[in-house]
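A closer look at the structure
Chain by chain, the residues run as shown.
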Amino acid sequence: MDYPNPDVDEWAAELRDFAERIVVSLGGDPQWLSTNPDWAVGLVDRGIAEDWDPTAMDDGDRHRFRSLLMAVTGEFLINTHGAHWAWLLDDTSPLGGRWVVTGFTHPLGQRTRPVDVGRIANDALSLHRVQVIDLVDTAERESGLRVTA
């Protein structure tokens, strides 16, 4: 089956804009995503810490929350590790591919792997408490940026 190849630049711009709006809605500066991504993630994590239990959300709210997690996690990875969004063809996906963050700059020059941020966000929706920093941690491990014993 032939699937259309999505516009990666448009996708990335939409997610960046969404992440910026999230940070602004929580009282932060949208520039933090690029200048101080740790601050932006901390602000979002404080903002979702109390009343954001994805297991108690309806489908629409879960979808929006997943988008929030993808946008902020993706922007952190891009701005911290020199990565970018890409469309990875995948015949097992109902869409014919997956949005991944790839192209990480490894501090020791080692190869890295693309990270399916959407899958990581989906996995987090089964938890009662979600923190973006945990998704970032998972993504950094899966990319090969960090090794855990």
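Residues numbered from 1 in each chain as written. Predicted model: local features only at pLDDT ≥ 70, side-chain atom pairs only at ≥ 80, totals over all residues. Heavy atoms only, no water.

On a plain count of helices and strands, the chain comes out with six helices and two strands. Here the chain has a C-alpha radius of gyration of 15 Å; the compact-globule value for 149 residues is 15 Å, and the two agree. Its C-alpha atoms give the chain principal-axis dimensions of roughly 40 × 40 × 35 Å. By the burial criterion, 43% of the 149 residues in the chain qualify as buried. In the chain, 55% of the contacts between residues at least 6 apart in sequence involve partners at least 24 apart. Summed over all atoms, the accessible surface of the chain reaches about 8500 Å², with 51% contributed by carbon and sulfur. (Helix = DSSP H or I, 4+ residues; strand = E, 2+ residues; numbered from the N terminus. Rg over C-alpha atoms; globule rule 2.2 N^0.38 Å. Buried < 20%, exposed > 50% of the residue type's maximum accessible area, 1.4 Å probe, protein only. Contact = heavy atoms within 4.5 Å. Areas by Shrake-Rupley, 256 points an atom, 1.4 Å probe, with all protein chains shown as cover.)

The next point concerns the pairing of strand β2 (residues 97-102). Regular strands show a simple pattern: their side chains alternate between the two faces of the sheet. Taken across its six residues, β2 has five buried, putting it largely inside the fold. Direction of pairing for strand β1 (residues 84-89) relative to β2: antiparallel, over a ladder of six bridges. Following the sheet pairing, L88 is matched in β2 by R98. (Pairing = 2+ DSSP bridges.)

Here the focus is the nonpolar core. Note on soluble globular proteins: their nonpolar side chains tend to be buried together. Counting residues in each nonpolar core, the largest one holds 40 residues, and the members touching the most others are F65, L69, W85, V101 and V132. For W85, the residues in contact, after removing those within four places along its chain, are V8, W11, A12, L15, M70, G74, E75, I78, W99, V100, V101 and V117. (Core = buried A, V, L, I, M, F, W, Y, C linked by side-chain atoms within 4.5 Å.)

Here the focus is a negative patch on the surface. Side chains of D7, D9, E10 and E14 sit close together on the surface and give a patch of like negative charge. Along the chain, E14 turns up in helix α1 (residues 8-25). Judged by its relative accessible area of 44%, E14 is partly exposed. (Patch = residues over 30% accessible without salt bridge, like charges linked within 9 Å, V, L, I, M, F, W, Y side chains within 5 Å. Salt bridge = Lys/Arg side-chain N within 4 Å of Asp/Glu carboxyl O. Lys, Arg positive; Asp, Glu negative; His and termini not counted. Charge placed at Lys NZ, Arg CZ, Asp CG, Glu CD.)

Here L88 lies in strand β1. Using a relative accessible area of 41% as the deciding quantity, one classes L88 as partly exposed. C-alpha separation for the pair L88 and Q131, spaced 43 residues apart in sequence, amounts to 26 Å. With near-sequence residues (within four places) excluded, L88 lies in contact with G97, R98 and V100.

What follows covers the layout of surface pockets. Roughly 330 Å³ of internal volume is contained in the largest pocket. If you go around the largest pocket, you meet 18 residues; those closest to its centre are R66, M70, L95, W99 and G118. Elements that contribute at least two residues to the lining of the largest pocket include exactly α1, α4 (59-81), β2 and α5 (117-124). No other element matches the four residues that α4 contributes to the lining of the largest pocket. Class assignment for the residues of the lining of the largest pocket results in eight nonpolar, six polar and four charged. (1 Å grid on protein atoms, 1.4 Å probe; cavity = no way out; pocket = protein on both sides within 12 Å on 5 of 7 lines; lining within 4 Å. Points joined across faces, edges and corners; volume = space filled by probe spheres on them. Nonpolar A, V, L, I, M, F, W, Y, C, P; charged D, E, K, R; others polar.)

Looking now at the pattern of salt bridges. If charged atoms from side chains of opposite charge come close, those side chains can pair. Tallied over the entire structure, the rule returns seven salt bridges. For R21, the salt bridge is made with D17, and the minimal N-O distance between the two is 3.0 Å. Within this pair, R21 and its partner D17 are both found in helix α1, separated by four residues, close to a single helical turn. Notably, a salt bridge pairs R64 with D61, separated by 2.7 Å at the nearest N-O pair. Of this pair, R64 and D61 both sit in helix α4, three residues apart, which is roughly one turn of the helix.

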